Amino acid sequence: SQTIHQWPATLVQPVGSPLSLECTVEGTSNPNLYWYRQAAGRGLQLLFYSVGIGQISSEVPQNLSASRPQDRQFILSSKKLLLSDSGFYLCAWSPTHTEAFFGQGTRLTVV
Amino acid sequence: DAKTTQPNSMESNEEEPVHLPCNHSTISGTDYIHWYRQLPSQGPEYVIHGLTSNVNNRMASLAIAEDRKSSTLILHRATLRDAAVYYCILRVPSNNNDMRFGAGTRLTVKP
């Protein structure tokens, strides 16, 4: 069966520090991969999505970047975090137009 | 961009049916209608999806208007565990099946 792993579950980082969040998928190949951010009490904002290795589409210009070094690995990064980067980060994968599966999320607090 | 419109909030009594509406007047012929729900501090969970015909699964039913410009998620007997934010989104195959979420509908279930 397919599973999605996202870690860490919680993270507290100082302003200006780097960030690396990793998401991996098991049990499937060539999935569509997505990164979302959810501010407190708000909806999900699509940050990046990828349809294949090295193929990244950015939805919101900001100080975050994403990479897909392997078929089932999706990484969200930042060189210098801002206070406004705090939020709940979610990774998701989907075969095609069928159901999408979300990870458990990472709650990031930038202090 | 394909967009959806949902009421901000709805209330239901336990063990009564719930009809959650969604408008998607700009839907294209190949766009899939998806529903997800999100419990507090968790990632969204897939509920159901459809293209043209009504769909039923163990969680809910999806009624799609004949012109496809609106749909309704039906929970046949609401339970307290159904209290969540429900998102209606469009999967757009012509745009790599991207998934863009709106604010969703916050469903409150009263005992």
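Below, the structure is looked at part by part. Only a predicted model underlies this, so the values are computations on that prediction, with no experimental measurement involved.

## Quick word on the overall build of chain A
- What chain A contains, in helices and strands, is zero helices and 11 strands.
- Reading the secondary structure of chain A in the N-to-C direction produces β-β-β-β-β-β-β-β-β-β-β.
- A globule of 111 residues ought to have a C-alpha radius of gyration of about 13 Å, and chain A, at 13 Å, matches this closely.
- Considering only contacts within chain A whose residues lie at least 6 apart along the sequence, 54% involve residues at least 24 apart.
- When the accessible area of chain A is evaluated, it comes to approximately 5100 Å², of which 53% is carbon and sulfur surface.
- A gap of 10 Å separates the mean positions of the 7 positive and 6 negative side-chain charges of chain A.

## As for the pattern of salt bridges
Residues and elements named next belong to chain B.
- Throughout the structure, instances matching the rule amount to seven salt bridges over all chains.
- For Glu11, the salt bridge is made with Lys110, and the minimal N-O distance between the two is 3.2 Å. With Glu11 in strand β1 (residues 9-13) and Lys110 in strand β10 (residues 105-110), this pair connects stretches of sequence that are 99 residues apart.
- Taking relative accessible area as the criterion, Glu11 reaches 54% and is therefore assigned exposed.
- Judged by relative accessible area, which is 36%, Lys110 ranks as partly exposed.
- Arg77 serves as the salt-bridge partner of Glu15, at 3.2 Å between the closest nitrogen and oxygen. With Glu15 in the loop between β1 and β2 (18-23) and Arg77 in the loop between β7 (70-75) and β8 (84-92), this residue pair connects regions lying 62 residues apart in the sequence.

The rules behind these values
Residues numbered from 1 in each chain as written. Chains lettered and ligands numbered in written order. Predicted model: local features only at pLDDT ≥ 70, side-chain atom pairs only at ≥ 80, totals over all residues. Heavy atoms only, no water. Helix = DSSP H or I, 4+ residues; strand = E, 2+ residues; numbered from the N terminus. Rg over C-alpha atoms; globule rule 2.2 N^0.38 Å. Contact = heavy atoms within 4.5 Å. Areas by Shrake-Rupley, 256 points an atom, 1.4 Å probe, with all protein chains shown as cover. Lys, Arg positive; Asp, Glu negative; His and termini not counted. Charge placed at Lys NZ, Arg CZ, Asp CG, Glu CD. Salt bridge = Lys/Arg side-chain N within 4 Å of Asp/Glu carboxyl O. Buried < 20%, exposed > 50% of the residue type's maximum accessible area, 1.4 Å probe, protein only.

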